[in-house]
Amino acid sequence: QLISYTDSMTTIQPAFIDFEASSLDLIASYPIEVGICMPDGTLHSWLISPHVLWQDWSQSAEQIHGISRETLEADGIAVSEVASALNELLPEQVFCDAWTFDSFWLHRLFKAARMTPTFQLESISALLDTRQVREWSALRQQVITELGLPVHRAANDALILHKTWERIAPNQDELAPLTGQTRQA
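A brief structural summary. (Residues numbered from 1 in each chain as written. Predicted model: local features only at pLDDT ≥ 70, side-chain atom pairs only at ≥ 80, totals over all residues. Heavy atoms only, no water.)

## Observations regarding helix α5 (residues 130–147)
- Taking 1.5 Å per residue, 18 residues should reach 26 Å; α5 reaches 26 Å between its end C-alpha atoms and fits that length.
- The largest bend in α5 is about 45 degrees, located at Trp136.
- If you check which residues of α5 are buried, you get Gln132, Trp136, Leu139, Val143 and Ile144.
- Against the buried residues of α5 lie α6 (154–168).
- Capping the start of α5 is the job of one residue whose side-chain oxygen sits 3.1 Å from the backbone nitrogen of Arg131: Asp129. (Helix = DSSP H or I, 4+ residues; strand = E, 2+ residues; numbered from the N terminus. Expected span 1.5 Å × (residues − 1). Bend = angle between axes of the 7 residues up to and from the residue. Buried < 20%, exposed > 50% of the residue type's maximum accessible area, 1.4 Å probe, protein only. Contact = heavy atoms within 4.5 Å. Polar contact = N/O pair within 3.5 Å; in protein donor to acceptor, adjacent residues only side chain to side chain.)

## What to know about the packing of aromatic side chains
- With the rule as written, the count across this model stands at 3 aromatic pairs.
- Where Phe110 meets Phe119, the ring centres are 5.9 Å apart and the plane angle is 75 degrees; that geometry is what we call edge-to-face. As far as the burial class goes, Phe110 and Phe119 line up, both buried. (Phe/Tyr/Trp six-rings, centres within 6.5 Å; stacked < 30°, edge-to-face > 60°.)

## Focus on the packing of helix α3 (residues 79–89) against helix α4 (residues 99–113)
- Closest axis-to-axis distance for the α3/α4 pair is 8 Å, and the angle between their directions is 115 degrees. α4 is crossed by α3, and the crossing has left-handed handedness. On the side of α3, the interface is formed by Val79, Ser80, Val82, Ala83, Leu86 and Asn87, while α4 contributes Leu109, Phe110, Ala112 and Ala113.
- In terms of residue class, the contact of α3 with α4 is made up of 8 nonpolar, 2 polar and no charged. (Axes fitted to C-alpha atoms, helices over the stretch in contact; angles between N-to-C directions. Left-handed = near helix turned anticlockwise from the far one by under 90°. Nonpolar A, V, L, I, M, F, W, Y, C, P; charged D, E, K, R; others polar.)

Written out as structure tokens, the structure is:
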């Protein structure tokens with residue numbers, strides 16, 4: 001089933017998610033921070049306390065996101081609390097810009113919490129037409145410059161996705177929450 005995110009009258013205002021991780025290793029890495037931007041622009045983020053089995057750590061990744069393992073151990077939230085919060089807050093679908101990595105880290109988080117997500121993770125590309133795909137990167141860079149936020153922090157990156165979507169979405173004055181706008185294509 002293919003879901004269409006626009007109709008002739010309305011464009012959806014989706015929720016976005018971003019993860020920071022211990023490394024980019026798609027076997028051993030794990031999520032260390034998750035940020036979401038809700039359809040109305042509200043931000044939520046959590047530092048994630050490493051599960052006992054999560055041992056991977058990359059110094060180069062730490063240099064990029066600026067989060068130490070010690071900070072996670074001291075200030076991180078338990079995986080079950082983070083997974084519960086995501087299930088409580090997120091709508092049926094949430095969008096990301098690095099699906100391969102984000103889906104892996106989402107799976108690791110929920111597996112460690114022994115929970116199942118109540119939402120589906122989709123790539124931002126599912127929302128974009130060919131023209132929008134071509135324009136996305138330049139618009140995203142413009143948003144980053146204008147916001148002046150540090151990148152590679154989960155809430156900031158989710159907000160950047162939200163603001164870039166607002167710029168690129170058609171019928172921007174008619175943005176609507178992601179509910180009831182699905183149909184088979």
